[in-house]
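Per-entry structural report
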Amino acid sequence: MRDNDRARDADGRAVLRADCGNCFGLCCVALTLTRSADFAVDKDAGTPCGNLQDDFRCGIHTRLRTEGFAGCTVYDCFGAGQKVSAETFGGRDWRTAPESARQMFQVFPIVRQLHELLWYLTEAASLAPARSLHGEIRRTLEETERLTRLDAGAFADLDVAAHRDGVAALLARTSELVRATAPRKKRRSHRGADLIGARLRGADLRGADLRGAYLIAADLAGADLRLADLIGADFRDADLSGADLTGALFLTQSQLNAARGNAATRLPSTLTRPAHWEK
């Protein structure tokens, strides 16, 4: 493991990173694809993508964007693929054990949701300004981890939406404590705001609440997003060139992969600069 990889996984999120080599290509089979700017074809859930090879690898992995599958480069299972493949189903793949296929494809998106929550909770547990909530955060993290290890049949009875709502409320309280350390006049709420194509170049957004904001194609070049809550923000085609995202709350690799940036974009140590960004 390289030094920068060790740094990224120092907080214990190594298991929340996709390991496609130990997955049965679940995202290439279980999910629905709709022909669009993100996907070159329509595909029903449960039907293997035509690019999926016998070894469960993508036949056009290095050419996904040029072949019209940019959406595949954005998607992140947060490590759910390898857990469902190796643990939930004990290494039995859907090709050699077709009787398990339908259940496997139903379980995968549920575990994916839980793993995304684990990503956020792990971050929350590391945030010093939210230390008063750390006990509750750790208990919730442990319970979420327990749910990911249910027997395959038990997922059908799991109310994942209710669990997600509870976690969301806890993360919102965490966010308030952390963002309170930003300059008061900067802590504006843009929760769920329509900021599509907004001109925010160089904007001081420290401590802003951008939860669920639509920042599609927004110009955020040079913007200061430190301590901003970015959970669920839509960064598709947003320009993050030169933006400062260090210390941004609840940012994911998937959000970065959907955006545009360059070598001057400052990122949290837990995330990686996307390969398609400008040098």
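Above this note sits the structure.
A short tour of the structure in this document, coming up. Note that this is a predicted model, so its numbers are computed, not measured.

**Concerning the packing of helix 5 (residues 134-148) against helix 6 (residues 160-179)**
- Following both chains from N to C, one finds helix 5 and helix 6 inclined at 150°, their axes separated by 11 Å at the closest point. It follows from the interaxial angle that helix 5 and helix 6 lie roughly antiparallel. Like other packed secondary-structure pairs, helix 5 and helix 6 cross with a definite hand, here left-handed. Contacts between helix 5 and helix 6 involve E136, I137, T140, E143, T144 and L147 from the former and H163, V167, L170, R173 and T174 from the latter.
- Classifying every residue of the contact of helix 5 with helix 6 gives four nonpolar, four polar and three charged.

**What about helix 3 (residues 80-88)?**
- Helix 3 sits mainly inside the fold: seven of its nine residues count as buried.
- As for helix 3, its buried residues are in contact with helix 4 (101-124) and helix 5.
- Directly after helix 3, the chain includes G90, whose backbone phi takes a positive value near 55°.

**Remarks on the packing of aromatic side chains**
- In the structure shown here, the tally under the stated rule is five aromatic pairs.
- Seen in terms of ring centroids, F24 and F56 are 5.3 Å apart; in terms of plane orientation they differ by 55°. Their pairing is tilted. Of this pair, F24 sits in the loop between helix 1 (3-8) and helix 2 (70-74) while F56 sits in the loop between helix 1 and helix 2, and the two are 32 residues apart along the sequence. In terms of burial, F24 and F56 fall into one category: buried.
- Over the aromatic face of W119 sits the side chain of R13, whose NZ or CZ is 4.1 Å from the ring centroid.

**Details of the pattern of salt bridges**
- Enumeration according to the criterion identifies 18 salt bridges in this entry.
- Among the salt bridges present, the one from R112 reaches E116, with a minimum N-O distance of 2.7 Å. Of the two residues, R112 and E116 are both situated in helix 4; the distance of four residues between them amounts to about one turn of the helix.
- The partner of R226 in a salt bridge is D244, with the nearest N and O atoms 3.6 Å apart. Placement of R226 in the loop between helix 6 and helix 7 (253-258) and of D244 in the loop between helix 6 and helix 7 is noted, with a sequence separation of 18 residues between them.

**What about the side chain of D229?**
- Its place among the elements puts D229 in the loop between helix 6 and helix 7.
- Taking relative accessible area as the criterion, D229 reaches 0% and is therefore assigned buried.
- One polar contact links the side chain of D229 to the main-chain amide nitrogen of I231, over a distance of 3.1 Å.
- Leave out the neighbours within four places in its chain, and D229 touches S175, R179, A208, D209, L210, R211, L249 and F250.

**Brief notes about unusual backbone geometry**
- With a phi angle near 60°, D237 is a residue other than glycine that sits in the positive phi range.
- Here D237 lies in the loop between helix 6 and helix 7.
- Take D237: its relative accessible area is 41%, and that puts it in the partly exposed class.

**Some points on helix 5**
- Spanning 15 residues, helix 5 covers 21 Å between terminal C-alpha atoms, matching the ideal 21 Å at 1.5 Å per step.
- Taken residue by residue, helix 5 has H134, I137, T140, T144, L147 and T148 as its buried positions. All buried residues of helix 5 fall inside an arc of 140° around its axis, so they share one side. Relative to its buried face, helix 5 has exposed residues pointing more than 90 degrees away, namely R139 and E142.
- Looking at the packing, one finds that the buried side of helix 5 touches helix 3, helix 4 and helix 6.

**Here we look at the environment of Q106**
- Of note, Q106 is situated in helix 4.
- In the structure, Q106 is positioned 46 residues away from A152 in sequence and 9.4 Å away in space, judged by C-alpha atoms.

**Re the side chain of T252**
- Looking at the element boundaries, T252 is found in the loop between helix 6 and helix 7.
- Residue classification places T252 among the buried positions, given a relative accessible area of 4%.
- Excluding residues that lie within four positions of it along the chain, T252 makes contacts with F78, W119, Y120 and L271.

Basis of the calculations
Residues numbered from 1 in each chain as written. Predicted model: local features only at pLDDT ≥ 70, side-chain atom pairs only at ≥ 80, totals over all residues. Heavy atoms only, no water. Axes fitted to C-alpha atoms, helices over the stretch in contact; angles between N-to-C directions. Helix = DSSP H or I, 4+ residues; strand = E, 2+ residues; numbered from the N terminus. Parallel < 35°, antiparallel > 145°, perpendicular 65-115°, else oblique. Left-handed = near helix turned anticlockwise from the far one by under 90°. Contact = heavy atoms within 4.5 Å. Nonpolar A, V, L, I, M, F, W, Y, C, P; charged D, E, K, R; others polar. Buried < 20%, exposed > 50% of the residue type's maximum accessible area, 1.4 Å probe, protein only. Phe/Tyr/Trp six-rings, centres within 6.5 Å; stacked < 30°, edge-to-face > 60°. Lys NZ or Arg CZ within 6 Å of the ring centre and 35° of its normal. Salt bridge = Lys/Arg side-chain N within 4 Å of Asp/Glu carboxyl O. Polar contact = N/O pair within 3.5 Å; in protein donor to acceptor, adjacent residues only side chain to side chain. Expected span 1.5 Å × (residues − 1). Arc of directions from axis to C-beta.

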